[in-house]
Amino acid sequence: MTAEPDRSQPVRRTTAIVAIGVAGLLTVLGLLLVIGAFTEDSAIESDTGRANADVVSVAFGRTLVRFQTPDGAEHTPSGGVLYPEALEEGQVVRVEYDQGNPDLVRVAGRGATLTVLPVSTTLLVGWLVVGGLVWWLRSRGPLHIRPLLPRRIRV
C-alpha cells in the first residue's frame, strides 16, 4: 500500500506565501502611515499658526474645517483636518496649521502619537491571523517554502 501524493501542498504553499506577502505589505503601509503622520506634525510644529475653526463636514474619509489666517484669508483644506476623532458638524475647535501651507492642519493638542496604537494593534492582529493561518496550513503537512529561498553558496 503506497501513500497518495499530497496534491494540496502547492495550494497550501501558495496560500501561505500570499498571506505572508499581504501581511508584509500591510506592515510597510502601516509604517509609512506613522512616518507620514510624524512628518506632517513636524511641518506644522516648525511654523505653527493657531486659529479657531468651524467643523464644516464630518464624513468617513475626512472631516472638513474652515478657519481664517491672520492675513484674513479663509481656508478649508480639501484633505480635511488631521486627528478628527469625536468632532461634530457645527462645532468650533482650536486648530494648528503650517503657516507656509495652511492646508496642513490638525486639531490642537493632538499629534502623530495617536496613530501609533491603532496601527500597531492592526498590525499585531494581522500578523496573529497570518501566523495562525500558516500554522494551520503547516499542520496539514509540510509547505516546502524553503526551496523557494535562494541557497547560500558555500566556498
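The residue numbering used here restarts from 1 in each chain and proceeds along that chain's sequence as written. The predicted nature of this model means local features are confined to residues of pLDDT at least 70 and side-chain atom pairs, given and counted, to a pLDDT of 80 or more, with totals for whole chains, interfaces and linings taken over all residues. Here the side-chain values reflect all heavy atoms present in the structure, with hydrogen atoms and water set aside.

### Some details on the layout of surface pockets
Right, so step 1: Cavity means a closed set of points on a 1 Å grid over the protein atoms alone, one where a 1.4 Å probe fits but cannot get out, pocket means an open set with protein on both sides within 12 Å along at least 5 of 7 lines, and lining means a residue has an atom within 4 Å of a point. Grid points are joined across faces, edges and corners, and a volume is the space filled by probe spheres set on the points. When its volume is computed, the largest pocket comes out at roughly 250 Å³.
Right, so step 2: Taken together, 13 residues form the lining of the largest pocket, with Leu33, Ala37, Leu82, Tyr83 and Thr115 sitting closest to its centre.
Right, so step 3: In terms of residue class, the lining of the largest pocket is made up of nine nonpolar, two polar and two charged. Gly falls in the polar group here, along with every residue not listed as nonpolar (Ala, Val, Leu, Ile, Met, Phe, Trp, Tyr, Cys, Pro) or charged (Asp, Glu, Lys, Arg).

### Points about the side chain of Arg12
Right, so step 1: Positionally, Arg12 belongs in helix 1 (residues 9-46).
Right, so step 2: Accessibility here uses a 1.4 Å probe with only protein chains present; expressed as a share of the type maximum, an area under 20% marks a residue as buried, one over 50% as exposed, and anything in between as partly exposed. Residue Arg12 is classed as buried on the basis of its relative accessible area, which comes to 6%.
Right, so step 3: Only 2.9 Å separates the side chain of Arg12 from the backbone oxygen of Gly141, close enough to count as a polar contact. We count a stretch as a helix when DSSP gives it H or I for four or more residues in a row; a strand needs E for two or more, and each element gets its number in order from the N terminus. Two N or O atoms count as a polar contact when they lie within 3.5 Å, although within protein this holds only if one can serve as hydrogen donor and the other as acceptor, and sequence-adjacent residues are included solely when both atoms are side-chain atoms.

### Overview of the nonpolar core
The nonpolar side chains of a soluble globular protein tend to be buried with one another.
Right, so step 1: Listed in full, the 12 residues of the largest apolar core are Ala51, Ala53, Val55, Val65, Phe67, Val81, Leu87, Val93, Val95, Tyr97, Val105 and Val107.
Right, so step 2: Counting residues per element, the ones that place at least two in this core are strand 1 (48-58), strand 2 (63-68), strand 4 (92-98) and strand 5 (101-107).
Right, so step 3: Only heavy atoms enter the contact rule, under which two residues are in contact if any of them lie within 4.5 Å. When residues no more than four places from it in sequence are discounted, the contact partners of Val95 are Gly49, Arg50, Ala51, Ala53, Phe67, Val105, Arg106, Val107 and Ala108.
Right, so step 4: We define a nonpolar core as any set of buried Ala, Val, Leu, Ile, Met, Phe, Trp, Tyr and Cys residues linked to one another through side-chain atoms lying within 4.5 Å. Counting seven residues, the second largest nonpolar core, distinct from the first, contains Ala16, Ala19, Val134 and Leu137.

### Here's the deal with the pattern of salt bridges
Right, so step 1: Any carboxyl oxygen of Asp or Glu within 4 Å of a side-chain nitrogen of Lys or Arg constitutes a salt bridge here. This structure, assessed with the given rule, holds six salt bridges.
Right, so step 2: Between Arg106 and Glu45 there is a salt bridge, with its nearest N and O atoms 3.4 Å apart. Within this pair, whereas Arg106 is found in strand 5, its partner Glu45 is found in helix 1, the two being separated by 61 residues in sequence.
Right, so step 3: Assessed through its relative accessible area of 6%, Arg106 is described here as buried.

### Notes on the packing of aromatic side chains
Right, so step 1: Aromatic pairs are defined between Phe, Tyr and Trp rings, using the six-membered ring for Trp, whenever the two ring centres lie within 6.5 Å; interplanar angles under 30 degrees are classed as stacked, those over 60 as edge-to-face, and all others as tilted. Tallied over the entire structure, the rule returns one aromatic pair.
Right, so step 2: Relative to Tyr97, the ring of Phe67 has its centre 5.0 Å away and its plane inclined at 35 degrees; by these criteria the two rings are tilted. One end of the pair, Phe67, is in strand 2; the other, Tyr97, is in strand 4, with 30 residues separating them in the sequence. Taken as a pair, Phe67 and Tyr97 share a single burial class, namely buried.

### Overview of the side chain of Gln9
Right, so step 1: Its place among the elements puts Gln9 in helix 1.
Right, so step 2: Look at Gln9 and you get buried, because its relative accessible area is 12%.
Right, so step 3: Setting aside its immediate chain neighbours within four residues, Gln9 contacts Pro142, Leu143 and His144.

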